[in-house]
Amino acid sequence: MPLSPDPAETLLPLAIGDPPAAFVAAQRLLADSHDPYHRSVAHQTIAVVERDRGRLDEATRQGFAALRQARRVDPDRQREREGDVLATLAAVLAYAGRTGEALRRFDAAIPLTPPNRLPRVLHRRAHILGLLAHYDAALADLDRAVSGSRALGDTLWEGRSLVNRSDVHLARGETAAAEHDARRAEELLSSIGQRFEAVQAVHNRALAAHQRGDLPTALALLDTVTERYVELGNVRDDLVGDRMEMLLTAGLVDEARELGAATLARGGLAPVRRAELLLVTARAALAHGDLDDADTWAGAAALLFRAQLRPGWADRAGLLRLRARFLARQQGLEPTPATPSSGVPTAPRRAAPSAGALLREAQVLVDSLRQARSTDLPVGLALHGQIALAAGRTEQAQYSLAEAAATRHHGPPLVRAAGWLAAALLADQHHDARALMTACRRGLDAVDEHRSQLGDLELRALASGHGIELARLAIGAAARSGRARRLLWWSERWRATALTSAADPVEDPRLRQDLAALREVARRLDALEDGDPGRSALGRQRAHLEASVRSAQRHRRARAEPGHQGSPGLDLDAVFARLGDDGLLLSMVSDRDALHLLAMFRGRVRHELVGPVSAALREAEFARFTLRRAALGRRVDLTAAGGQLQQVALRTGRLVPRAARRVVVVPPADLLTLPWGLLPVLAGTVLTVSPSIGLWLRAGERRDDPAHPGRAGHVALVTGPGLTTREQEVIGLSRIHPGACVLHPAKATAAAALEALDGAALAHIAAHGTFRADAPLFSSLRLADGPLTVHDLQALARPPLALVLSACDSGGAAPISPYEALGLVSSLLGMGTSAVLASVVPVNDASCLPVMSDVHAAAGAHGSLAEGWLAARRAAGDDVLRAATAAAFTAWGA
């Protein structure tokens, strides 16, 4: 490439904008020129390129070579050249972890630098000061660098300094200032063709969006940044850590852990980036509950940070390690020997520390965080307060929690929620139930504010995790109060709230294309035998397409709801009005491992402690196993299974009055798929199950609304391929519903099925189903051209008012937290379907035919799906297989 008379003005900017081209040009210059000035610039350029590639040893070697050549330059240019090289060498040394030496090199560079080059050196020194968390000093240098570059008309270095200053503002929590600098930097750098550095500015905009709590924007910007970095052939190491932080905020812990482990195992990371990645990987391990891994990773990060003279970062790692060790002590766990992985240095392990030792360590950390004016101080104070409580130091605990609680009125939603949690813990210590309830309510409102921006159902459900501890505190206090209505209100406050936020139907051509491609890949996979060599490549392609679909969904924003004021709570009068005289609502609440039952009937709320949740979970699994055996034609005792299940779920059933003809059950997330149709006390009732009382109320309102478009809708009957009963089920149902829209197996493509479902009053899909516990929104129904997933159903503008899924396992639900579960059914209810009938275990295809006929005979006579389900259970009589098939289904919604 042609060079200007001064290669420093061409090669050095190119080292950032187009590293491969800069590297080739620098090598050519070394081969062609013996001029010390030229050779100094060439070595300096290669040092920058190798630094950004993570090859720190070679970058250091090239940096010192550049310095030797600079000292041989003629006297007129020697001082300026040497000063510039010293600044570059200092940055390389800092990335290599030799931060003390780096600062000494900067001190040597300043006196050698003429005034018109000083802003550049100040910029580079500020970058290192930022790495060391010396933010005040870094900001002072950058203010001078920005103003100085602007005065000189140096657009490139003004833009660079704005990006750097944006970094510092982000570290100080100054989001608005960070975004302002990043936007201005993007404009300046784009105007002079510095594409890579303009992308760095967009990267900072993504971080600012994340910091202010706008996760959809942050993820969308970060995906854009990733694509541009890949196009430019220069993907930054810190991109991985930033993506992991956003994934953790979103609750996508497994994805974050896998990304961190894979990146650390790959090697080649700059030491400063390696330390940062170790820290965020430790955060992922802690979020996953792997306390020993979190301790190990955080300890390794702390060792590196201290070696790099980065005390602020070392404190952050120490704080995370302290939390892991405190939680391990609370759970009675002993530390196990650390196993080095991927060359990660391990911190020394020692016996489980005493409560007093943990408290002393926490105090040292809090003092350090306070001295550094760290944004992590509220987190440290809250942890110190919790450790002090465990150590019996109530006064210390109250002081720390009070200081941590002071953050509850400021900052983005999740920061405020953490402050309200500290306030709730403090109120709990003061035995002030009113203050505790207020703090929990305000904290959950703050989490709602964060979640209200999320249009993706999975992200909304995962975001509930930020409110779990607040909800547990409030439910525990309500349970201790002995006031049934208070416990009922709080049990509903955080239940299935992810399903209540509305998002507009997806209109994304790329997403539709990916979903179509995913169906084709799945269809081809199904056609291959196990062990076929083609399965591996298709499996990778499916994983790639699923990741692309998830990414597109995560960019969705919830429908704007001006004046969001948090959840209005439960309207008991509305519940009693809908129940009427013969309606009973059973709300089940888990308080840690204690299962509470609340019964609403004729204006009264009654409360009973049932027993351990773990016992109910065991019996639910046994009952599902019994139904699976029955579907295979094995002999089973349904009466015994139902009786045992009732004992752990409802005890004697004394809270179920004989006058109750209609029953609504609202269980915890992990008991949603309990086979409720087996319980003897509910055998003669019109039974429905709902993830929350609020969803049941809204479902009833939609069903009874005369203006609802589904009331005048059609009936749709869809048959998927591969059923042993072929089309017998739908053929029989079409006699009950003359004039129905019928899709036979060959015609039942995803597009045709969606068209048939849209606006239907009643729809029925007879197709094989697959429940994906690892990815509930990829749970699917098998159609002619492949699987129809929840992501496909989200394109419906008018979801069917009522829907029957006679597929095996179509009613599966994966608990995302104690209060949220996702699957086909819960997603449909959240999208606006009023009632769904689906099975919670695989069913016998032949026995399903009469059961479905019974259901539709009632539904076709203007009855509900719940009434049809009752008719099917009654019609089974002494036929064990038919009774088991009917009991395998559940009527959801209203």
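In this text the structure is predicted, and so the values were computed from the model without any measurement. (Residues numbered from 1 in each chain as written. Predicted model: local features only at pLDDT ≥ 70, side-chain atom pairs only at ≥ 80, totals over all residues. Heavy atoms only, no water.)

Would you mind going over the overall build of the chain with me for this structure?
Helix and strand counts for the chain come out as 38 helices and 16 strands. Here the C-alpha atoms of the chain give a radius of gyration of 31 Å, agreeing with the 29 Å that 2.2 N^0.38 yields for 894 residues. Overall size of the chain, expressed as C-alpha extent along the three principal axes, is 105 × 65 × 50 Å. In the chain, which comprises 894 residues, the share counted as buried stands at 58%. Taking contacts inside the chain between residues at least 6 apart in sequence as the whole, the part at least 24 apart equals 70%. (Helix = DSSP H or I, 4+ residues; strand = E, 2+ residues; numbered from the N terminus. Rg over C-alpha atoms; globule rule 2.2 N^0.38 Å. Buried < 20%, exposed > 50% of the residue type's maximum accessible area, 1.4 Å probe, protein only. Contact = heavy atoms within 4.5 Å.)

What exactly am I supposed to notice about helix H38 (residues 880–887) here?
Along an α-helix, residues three or four positions apart point the same way, because every turn accommodates 3.6 residues. All of the buried residues along H38 are Arg 882, Ala 884, Thr 885, Ala 886 and Ala 887. Against the buried residues of H38 lie helix H29 (613–631), helix H30 (638–649), helix H36 (845–860), helix H37 (865–876) and strand S16 (889–893). Measuring from the side-chain oxygen of the N-cap residue of H38 to the backbone nitrogen of Leu 881 gives 3.2 Å; that N-cap residue is Asp 879. (Polar contact = N/O pair within 3.5 Å; in protein donor to acceptor, adjacent residues only side chain to side chain.)

How do you make sense of the pattern of salt bridges when you look at a structure like this?
For side chains of opposite charge, pairing can occur when their charged atoms come near one another. Using the criterion set out here, one finds 53 salt bridges in the structure. Between Arg 273 and Glu 276 there is a salt bridge, and its shortest N-O distance comes to 3.0 Å. Residue Arg 273 and its partner Glu 276 are both found in helix H15 (residues 271–288); the two are separated by three residues, about one turn of the helix. Salt bridges here are not isolated pairs; linked through shared partners, they connect Asp 136, Arg 172, Glu 174 and Arg 373. (Salt bridge = Lys/Arg side-chain N within 4 Å of Asp/Glu carboxyl O.)

Would you mind going over the nonpolar core with me for this structure?
Generally speaking, nonpolar side chains in soluble globular proteins are found buried as a group. Counting residues in hydrophobic clusters, the biggest one holds 102 residues, and the most contacted among them are Leu 586, Val 665, Trp 676, Leu 837, Leu 865 and Trp 892. If you tally residues by element for this core, the top one is H29, at seven residues. The next biggest cluster of nonpolar side chains, apart from the first, holds 80 residues, and it includes Phe 23, Ala 26, Ile 46 and Leu 239. (Core = buried A, V, L, I, M, F, W, Y, C linked by side-chain atoms within 4.5 Å.)

For this particular structure, what's the right way to read the packing of aromatic side chains?
Using the criterion set out here, one finds three aromatic pairs in the structure. On the numbers, 5.4 Å between centres and 45° between planes, the contact of Phe 196 with Tyr 229 is tilted. Residue Phe 196 is located in helix H11 (residues 195–211), and its partner Tyr 229 is located in helix H12 (residues 215–232); the two are separated by 33 residues in the primary sequence. Each ring, one from Trp 489 and one from Trp 490, has its centre 5.0 Å from the other, and the planes form 75°; the classification is edge-to-face. Against the face of Tyr 95 rests Arg 51, its NZ or CZ located 5.5 Å from the ring centre. Here the guanidinium or amino end of Arg 408 rests over the ring plane of Trp 420, the centre of that ring lying 5.1 Å away. (Phe/Tyr/Trp six-rings, centres within 6.5 Å; stacked < 30°, edge-to-face > 60°. Lys NZ or Arg CZ within 6 Å of the ring centre and 35° of its normal.)

Would you mind going over the environment of Glu 469 with me for this structure?
Positionally, Glu 469 belongs in helix H24 (residues 468–481). With a relative accessible area of 31%, Glu 469 lands in the partly exposed category. Distance in space between the C-alpha atoms of Glu 469 and Leu 279 is 24 Å, their sequence separation being 190 residues.

I keep staring at empty space enclosed by the protein and nothing clicks. Help me out?
Rolled over the atoms, a probe with the dimensions of a water molecule shows which regions are left empty. Under the definition given, this model contains six cavities of 30 Å³ or more. A volume near 80 Å³ is recorded for the largest cavity. Taken together, Leu 723, Thr 725, Glu 729, Ala 766, Ala 767, His 768, Ser 806, Ala 807, Cys 808, Asp 845 and Cys 848 form the lining of the largest cavity. Of the residues in the lining of the largest cavity, the class split is six nonpolar, three polar and two charged. (1 Å grid on protein atoms, 1.4 Å probe; cavity = no way out; pocket = protein on both sides within 12 Å on 5 of 7 lines; lining within 4 Å. Points joined across faces, edges and corners; volume = space filled by probe spheres on them. Nonpolar A, V, L, I, M, F, W, Y, C, P; charged D, E, K, R; others polar.)

Can you walk me through helix H10 (residues 175–191) in this structure?
Taking 1.5 Å per residue, 17 residues should reach 24 Å; H10 reaches 24 Å between its end C-alpha atoms and fits that length. Looking only at H10, the buried set comprises Thr 175, Ala 178, Glu 179, Asp 181, Ala 182, Ala 185, Glu 186, Leu 188 and Leu 189. Those residues of H10 that are buried are in contact with helix H9 (155–171) and H11. Note on H10: the residue one or two positions beyond its end, Gly 193, has a positive phi of about 80°. (Expected span 1.5 Å × (residues − 1).)

Got a minute to help me understand the side chain of Ser 590 in this structure?
Mapping Ser 590 onto the fold places it in strand S1 (residues 583–591). When sequence neighbours within four positions are dropped, the list of residues in contact with Ser 590 reads Ile 475, Val 613 and Pro 668.

Honestly, the confidence of the model for the chain in this entry has me stumped. Any pointers?
The predicted coordinates of low-pLDDT regions are not to be read in fine detail. Per-residue confidence for the chain averages 87 on the pLDDT scale, and 94% of its residues sit at or above 70. Below pLDDT 50 for its whole length, residues 335–350 participates in 36 contacts with residues either more than four positions away or in separate chains. Under a pLDDT of 50 for its full length, residues 561–566 has, in the predicted model, eight contacts with residues more than four places off or in other chains. (pLDDT = per-residue confidence, 0-100.)

What's the story with the sheet that holds strand S10 (residues 780–783) in this structure? I'm lost.
Sheet strands pair via backbone hydrogen bonds, and the direction of the pair is either parallel or antiparallel. Within the open sheet, the three strands sit side by side as S9-S10-S11. Their pairing is antiparallel. A strand with exactly one partner marks an edge of an open sheet, and here the two such strands are strand S9 (769–770) and strand S11 (786–789). As defined by bridge partners, S9 adjoins S10 across two bridges and the pair is classed as antiparallel. Residue Thr 770 lies in a different strand from S10, and its bridge partner there is Ser 780. This element, helix H26 (residues 509–527), spans S10 and S11 of the sheet and lies at about 135° to S11. (Pairing = 2+ DSSP bridges. Axes fitted to C-alpha atoms, helices over the stretch in contact; angles between N-to-C directions.)

Hey, could you run me through unusual backbone geometry in this one?
For residues besides glycine, phi is generally negative; the peptide bonds are generally trans as well. The backbone phi angle of Ala 133 is positive, close to 65°, even though this residue is not glycine. Mapped onto the elements of the fold, Ala 133 is located in the loop between helix H7 (118–131) and helix H8 (135–152). By relative accessible area, Ala 133 is classed as partly exposed at 21%. You will see that Arg 592, though not glycine, has its phi angle at about 60°, which is positive. Take Arg 592: it is sitting in the loop between S1 and strand S2 (594–601). The exposed category is assigned to Arg 592, whose relative accessible area is 54%.

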